[in-house]
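Read off the chains here:
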Amino acid sequence: MASESVALPFTIEPTTAPTPADHRADLIANPAFGRVFSDHMAMVRYSEGRGWHDARITARKPFPIDPAAAVLHYGQEVFEGMKAYRLESGGIATFRPEENARRFQASAARMAMAALPQDIFMTAVDELVRIDRDWVPTGEGKSLYLRPFMIATEVFLGVKPASEYLFMVIACPVAGYFGSGCVSVWVSDAYTRAAPGGTGAAKCGGNYAASLIAQRDSQTHGCDQVLFLDSREQRYVEEMGGMNVMFLRDDNTLVTPPLTGTILPGITRDAILRLARDQGLTVEEAPVAIDEVFEGAATGRYREAFACGTAAVISPIGSFRRTQGEAVFGDGKTPGPVTLALKKTLTDIQAGRTNDPHGWVHMIG
Ligand SMILES: *Cc1c(COP(=O)(O)O)cnc(C)c1O
C-alpha cells in the first residue's frame, strides 16, 4: 500500500503485532511523559546522490546502527516536538505543523545536515498519526506527542557534515500537565545555554545535553526549572532549558526576549504573542534585564511570569531564585489571571473547543 499524495511515496507496513486494545487503553489512561510509545514509526533515508528515499511507516522497533555512525561521535542531530489532539468533534488534528517542518529545516541547516522537504515531514507525521490514531488519547490536556528527528548515519570518523541521514518520527501518548500550581525557577549563574553565533536557535540534542547539568543544579537549589541568562553579560533573560519565557507588567504589556539567534523560536511563543495582541495586550519583544524582574516582582511592576512550549503549553512561574535572593509573583503558588486566560484560549483552539481565527489547526482525519 503506498500513499501517492507526495513526490516521495510512503510504503505503509502495518505491524503484525499491534498492542491489544485493552492493554493500549491501560497504557494511555495515565502515561508518564515519554515512556509509552505507539505501535508504529516513520523512517526516511537520505544519501548524497540519491537524495531522500525509502520512506516507510513501519512497526516501531529498535534498528541497527553502525558504531562509527557520525551522530554517535559528533552529535549531528536535530529534532522537533509537536502534538496530535483529539478534537471535540471526534477528529484528530495537529497544531501549525508547517511551522515545525520549517523550523526542522532551519535547525538542520545550522547543523550542516540535509534539508528535509516540508511535504515529506508533513506526510510522515500525518501518516504516522493516521495509522496510530487509536493511540491519540481522549480527555482534557491529553494528546499524542510526536517526535520527528534526524540523525547522521554516515559511517565515518572524519569530522565533516555527513553524507547520509535518517529521518524518523515516533509517537507517545501524554497526559496534560494538570498541576494547578506554579513552578519555581533557578536563575543560573554558573552556566549559559547559547552564545551569539552558536546553536541556540536550532532544536538540536546537543543544546539539551549541555543544559542538563544546569537543570540538575536548579534542583539542588530547590527549584523545578532553570532560567538561562545571556552569555555575554549575564544580565538579560534568555529562556529555560526547553521553554520560552514571558512576563506580564502592570501596564498590561506582555514582554518576552527577542529572537536574536540565541533563543529557540518557539511556536507556542509565537501563538501566545498573537493571542495576546488579539486580547488587547501590548506585546513587546525586548531585552528583559534580570535585575528589573527581581525589582519589578517586589514593586508589583512585574505581575506574572510563565514558561511556554509544546509539552507543557503554559507553565506558570511562581518565583525565581538566585544567589542574591528571590522574586515572587503573588503568593508564589497561584497562577496569574492573564497567564490562565492565555492558556485557556490556546488550549481551546488546539482542542477545537473554539473557532480557529488564525487557521492553526491542521486536520488529519
Ligand atoms: C522546543 C523548544 C522550545 C519551545 O518551542 P515550541 O515550538 O513552543 O514547542 C523552547 N526552547 C527550547 C530550547 C526548545 O527546544
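In this text, all values refer to a predicted model and were calculated from it rather than measured experimentally.

The rules behind each value
Residues numbered from 1 in each chain as written. Predicted model: local features only at pLDDT ≥ 70, side-chain atom pairs only at ≥ 80, totals over all residues. Heavy atoms only, no water. Helix = DSSP H or I, 4+ residues; strand = E, 2+ residues; numbered from the N terminus. Rg over C-alpha atoms; globule rule 2.2 N^0.38 Å. Buried < 20%, exposed > 50% of the residue type's maximum accessible area, 1.4 Å probe, protein only. Contact = heavy atoms within 4.5 Å. Areas by Shrake-Rupley, 256 points an atom, 1.4 Å probe, with all protein chains shown as cover. Lys, Arg positive; Asp, Glu negative; His and termini not counted. Charge placed at Lys NZ, Arg CZ, Asp CG, Glu CD. UniProt positions renumbered as here; feature names shortened; annotations may be inferred. Core = buried A, V, L, I, M, F, W, Y, C linked by side-chain atoms within 4.5 Å. Patch = residues over 30% accessible without salt bridge, like charges linked within 9 Å, V, L, I, M, F, W, Y side chains within 5 Å. Salt bridge = Lys/Arg side-chain N within 4 Å of Asp/Glu carboxyl O. Disulfide = S-S within 2.5 Å. Domains from an automatic or database assignment. Buried area = accessible area lost by both parts, 1.4 Å probe. Polar contact = N/O pair within 3.5 Å; in protein donor to acceptor, adjacent residues only side chain to side chain. Near = heavy atom within 4 Å. Phe/Tyr/Trp six-rings, centres within 6.5 Å; stacked < 30°, edge-to-face > 60°.

Enquirer: Talk me through the overall build of the chain; I want residue IDs and the actual numbers.
Expert: Secondary structure assignment for the chain yields eight helices and 19 strands. A globule of 365 residues ought to have a C-alpha radius of gyration of about 21 Å, and the chain, at 21 Å, matches this closely. A burial count over the chain gives 53% of its 365 residues as buried. Taking contacts inside the chain between residues at least 6 apart in sequence as the whole, the part at least 24 apart equals 71%. When the accessible surface of the chain is split by element, carbon and sulfur atoms take 53% of a total near 15,900 Å². Within the chain, the 42 negative side-chain charges are centred at a point lying 1 Å from the centre of the 35 positive side-chain charges.

Enquirer: Any chance you could break down the UniProt feature "modified residue: N6-(pyridoxal phosphate)lysine" (unreviewed entry) in the chain for me, citing the residues and the numbers?
Expert: Mapped onto this numbering, the UniProt entry annotates "modified residue: N6-(pyridoxal phosphate)lysine" (unreviewed entry) at Lys203. Assignment of secondary structure puts Lys203 in the loop between strand S10 (183–187) and helix H5 (205–220). Assessed through its relative accessible area of 10%, Lys203 is described here as buried. Apart from the residues within four sequence positions on either side, Lys203 is in contact with Val78, Phe79, Glu80, Gly81, Arg103, Ser107, Tyr208 and Leu264.

Enquirer: Could you give an account of the nonpolar core, naming the residues involved and the relevant values?
Expert: In this structure, Trp52, Leu146 and Phe167 are the most contacted members of the largest nonpolar core, which totals 52 residues. It is strand S9 (residues 164–174) that contributes the most residues to this core, seven residues altogether. Apart from residues lying up to four places away in sequence, Leu146 is in contact with Glu80, Gly81, Met82, Lys83, Ala84, Thr94, Val125, Leu128, Val129, Ile170 and Ala171. In this structure, Val183, Val288, Ile317 and Phe320 belong to the second largest nonpolar core, which totals 24 residues.

Enquirer: With reference to specific residues and values, describe a nonpolar patch on the surface.
Expert: The grouping of Tyr74, Leu157 and Val159 at the surface amounts to a nonpolar patch, some 330 Å² of accessible area in total. Along the polypeptide, Val159 turns up in the loop between strand S8 (143–152) and S9. The class of Val159 is exposed, set by a relative accessible area of 71%.

Enquirer: I'd love a proper account of the state of the cysteines, names of residues and values included.
Expert: Tallied over the full model, the rule gives zero disulfides. Not engaged in a disulfide, the cysteine Cys223 finds its nearest cysteine sulfur in Cys182; these two sulfurs lie 13 Å apart. Residue Cys223 is classed as buried on the basis of its relative accessible area of 4%.

Enquirer: I'd like to hear about the domain arrangement of the chain, residue by residue, with values.
Expert: Taken as a whole, the chain is organised into domain 1 (11–174) and domain 2 (183–350). For domain 1 and domain 2, the distance between their C-alpha centres works out to 28 Å. Summed over both sides, the interface of domain 1 with domain 2 buries roughly 1,700 Å², with 61% coming from carbon and sulfur. Linking domain 1 to domain 2 there are one salt bridge. The salt bridge partner of Asp270 is Arg96, with a shortest N-O separation of 2.9 Å. Counting across the interface, domain 1 meets domain 2 through ten residue pairs in polar contact (both at pLDDT 80 or more).

Enquirer: Talk me through the pattern of salt bridges; I want residue IDs and the actual numbers.
Expert: For the structure on display, the rule yields 21 salt bridges. Between Arg103 and Glu80 there is a salt bridge, with the nearest N and O atoms lying 2.7 Å from each other. In this pair, Arg103 sits in helix H3 (residues 97–110) while Glu80 sits in the loop between strand S5 (77–79) and strand S6 (82–86), placing the two residues 23 residues apart along the sequence. With respect to class, Arg103 is no different from Glu80; both count as buried. The salt bridge partner of Glu154 is Lys160, with a shortest N-O separation of 2.7 Å.

Enquirer: Tell me about unusual backbone geometry, residues and numbers included.
Expert: Unlike most non-glycine residues, Arg96 shows phi in positive territory, near 50°. As for its placement among the helices and strands, Arg96 is situated in the loop between strand S7 (92–95) and H3. A relative accessible area of 4% places Arg96 in the buried class. For Ala112, which is not glycine, the phi torsion reads 55° and is therefore positive. Mapped onto the elements of the fold, Ala112 is located in the loop between H3 and helix H4 (118–131).

Enquirer: Residues and numbers for the site of the ligand, please.
Expert: Around the ligand sit 15 residues, and of these Lys203, Tyr208, Glu239, Thr268 and Thr310 come closest. With respect to the ligand, the side chain of Lys203 contributes an N or O atom lying 2.7 Å from an oxygen atom. Contact distances for the ligand include 2.6 Å between a nitrogen atom and a side-chain N or O atom of Glu239. Starting from 380 Å² of accessible surface for the ligand in isolation, the protein chains cover 97%.

Enquirer: Please set out the packing of aromatic side chains residue by residue, giving values where relevant.
Expert: What the rule picks out here adds up to eleven aromatic pairs. Where Phe104 meets Phe121, the ring centres are 5.4 Å apart and the plane angle is 50°; that geometry is what we call tilted. Highlighted residues: Phe104 in helix H3 and Phe121 in helix H4, separated in sequence by 17 residues. For the pair Phe104 and Phe121, one class covers both residues: buried. When the centroid spacing of 6.0 Å and the interplanar angle of 80° are considered together, the rings of Phe320 and Phe329 count as edge-to-face. Of the residues examined, Phe320 reaches a relative accessible area of 0% and is grouped as buried. Linked through ring pairs, Phe247, Tyr302, Phe320 and Phe329 together constitute an aromatic cluster.

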